[in-house]
Amino acid sequence: MEKSCTGGCVVLKSHTVIYKQVFFSLSPLPSLPENKILVAQRPLLTVANKTATLVCNYTYNGTGKEFRASLHKGTDSAVEVCFISWNTTKISSNSSKEFNCQGIHDKDKVIFNLWNMSASQTDIYFCKIEAMYPPPYVYNEKSNGTVIHVKETPIQTQEPQSAIRLWIMVAMTGVLAFYSMLITAVFINYWQKSKKNMYHQSDYMNMTPRHPPYQKNKGYPSYAPTRDYTAYRSWQP
């Protein structure tokens, strides 16, 4: 009986251990507080007018009150394009010298506006969201990023316009030169003709005979009365 009792006691003890294991395995584990940031970006953004708007959607279930969001360029995120920081009362933004960028925070997303972009700035861009204060400090895992493809501005469309303007200027210059030459030729022709007419007129005038100066006032005019010289002679002694 002792053996059986001993055996029965062993059996009861083994069942008790199994019941305890099953109880703890079925009971839920205590939930750990999560402090995590997830970021979602669109994979491709094509830029045709040198202006891009990149939206970084994020979710955060922590207790942070001060945040910082930044946009990074390159596969290694080596270049920080611009950033924005905010809390419950203040928002500040800054951009690097190589980019024209401004960040805007709107509820659960950050919007980065870029302008005057060039084709050399075509690359992959990553959004980084950081919870700065209070501790613990956390930031999002690296997302897939967004490829911003900046198309080159076509220059060929401007060349025909400049060529058309050049041809218009050349044509106007040619027309003005032609009219100036025509007016000059007409004026020279008119001047030569008028000069010849003046010469002919002077020749006709010179053909008219002129009296020599000593013949002027010779004699008396026909209407002057004749003088009687006999009266003067009778007076002489």
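All values derive from a computational prediction rather than experimental measurement.

**Student:** So what about the state of the cysteines? Which residues, and what values?
**Tutor:** Taken as a whole and assessed by the stated rule, the structure comprises two disulfides. Paired by a disulfide, Cys 56 and Cys 127 hold their sulfur atoms 1.6 Å apart. In this pair, Cys 56 is assigned in strand 3 (residues 52-60) and Cys 127 in strand 9 (residues 123-133), connecting sequence segments 71 residues apart. Both residues of the pair, Cys 56 and Cys 127, count as buried. Here the bonded cysteines of the chain are numbered in sequence order, and their pairing is 1-4, 2-3.

**Student:** Mind laying out the side chain of Thr 146, listing which residues take part and the relevant values?
**Tutor:** Mapped onto the elements, Thr 146 comes out in strand 11 (residues 146-150). A polar contact is formed between the side chain of Thr 146 and the side chain of Gln 41, at a distance of 2.9 Å. Once residues within four sequence positions are removed from consideration, Thr 146 is found in contact with Gln 41, Arg 42, Pro 43, Leu 44, Leu 45, Leu 54, Asp 123, Ile 124 and Tyr 125.

**Student:** So what's going on with the pairing of strand 1 (residues 37-40)? Which residues, and what values?
**Tutor:** Residues Ile 37 and Val 39 line the buried face of strand 1, whereas the alternating positions Leu 38 and Ala 40 sit on a face that is not buried. Sheet analysis places strand 1 next to strand 3, joined by four bridges and oriented antiparallel. Bridge pairing links Ile 37 to Tyr 60 in strand 3.

**Student:** So, the confidence of the model for the chain: which residues are in play, and what are the values?
**Tutor:** The predicted coordinates ought not to be read in detail in places where the model reports low pLDDT. In this model, the chain carries a mean pLDDT of 77, and residues with pLDDT of at least 70 account for 67%. Segment residues 1-33 is flagged for pLDDT under 50; beyond a separation of four residues in sequence, or across chains, it makes two contacts in the model.

**Student:** Requested: an account of the pattern of salt bridges, with residues and values cited.
**Tutor:** All told, the structure shown has three salt bridges when counted by the stated rule. In this structure, Glu 130 and Arg 68 form a salt bridge, with 3.5 Å as the shortest nitrogen-oxygen distance. In this pair, Glu 130 sits in strand 9 while Arg 68 sits in strand 4 (residues 66-73), placing the two residues 62 residues apart along the sequence. Here Glu 130 falls in the buried class, since its relative accessible area comes to 7%. A cluster of three or more residues bridged by salt bridges with shared partners is formed by Arg 68, Glu 80 and Glu 130.

**Student:** Account for unusual backbone geometry, with residues named and values stated.
**Tutor:** Tyr 133 connects to Pro 134 through a cis peptide bond whose omega is 0 degrees. Backbone torsion omega between Pro 135 and Pro 136 reads 5 degrees, so that peptide bond is classified as cis. Tracing the backbone shows Pro 136 in the loop between strand 9 and strand 10 (138-139). One non-glycine residue with positive phi stands out, namely Ser 77, at about 55 degrees. Residue placement: Ser 77 occurs in the loop between strand 4 and strand 5 (79-86). Even without a glycine there, the phi angle at Lys 107 is positive, about 55 degrees. You can see Lys 107 is positioned in the loop between strand 7 (100-106) and strand 8 (109-115).

Conventions we followed
- Residues numbered from 1 in each chain as written.
- Predicted model: local features only at pLDDT ≥ 70, side-chain atom pairs only at ≥ 80, totals over all residues.
- Heavy atoms only, no water.
- Disulfide = S-S within 2.5 Å.
- Helix = DSSP H or I, 4+ residues; strand = E, 2+ residues; numbered from the N terminus.
- Buried < 20%, exposed > 50% of the residue type's maximum accessible area, 1.4 Å probe, protein only.
- Polar contact = N/O pair within 3.5 Å; in protein donor to acceptor, adjacent residues only side chain to side chain.
- Contact = heavy atoms within 4.5 Å.
- Pairing = 2+ DSSP bridges.
- pLDDT = per-residue confidence, 0-100.
- Salt bridge = Lys/Arg side-chain N within 4 Å of Asp/Glu carboxyl O.

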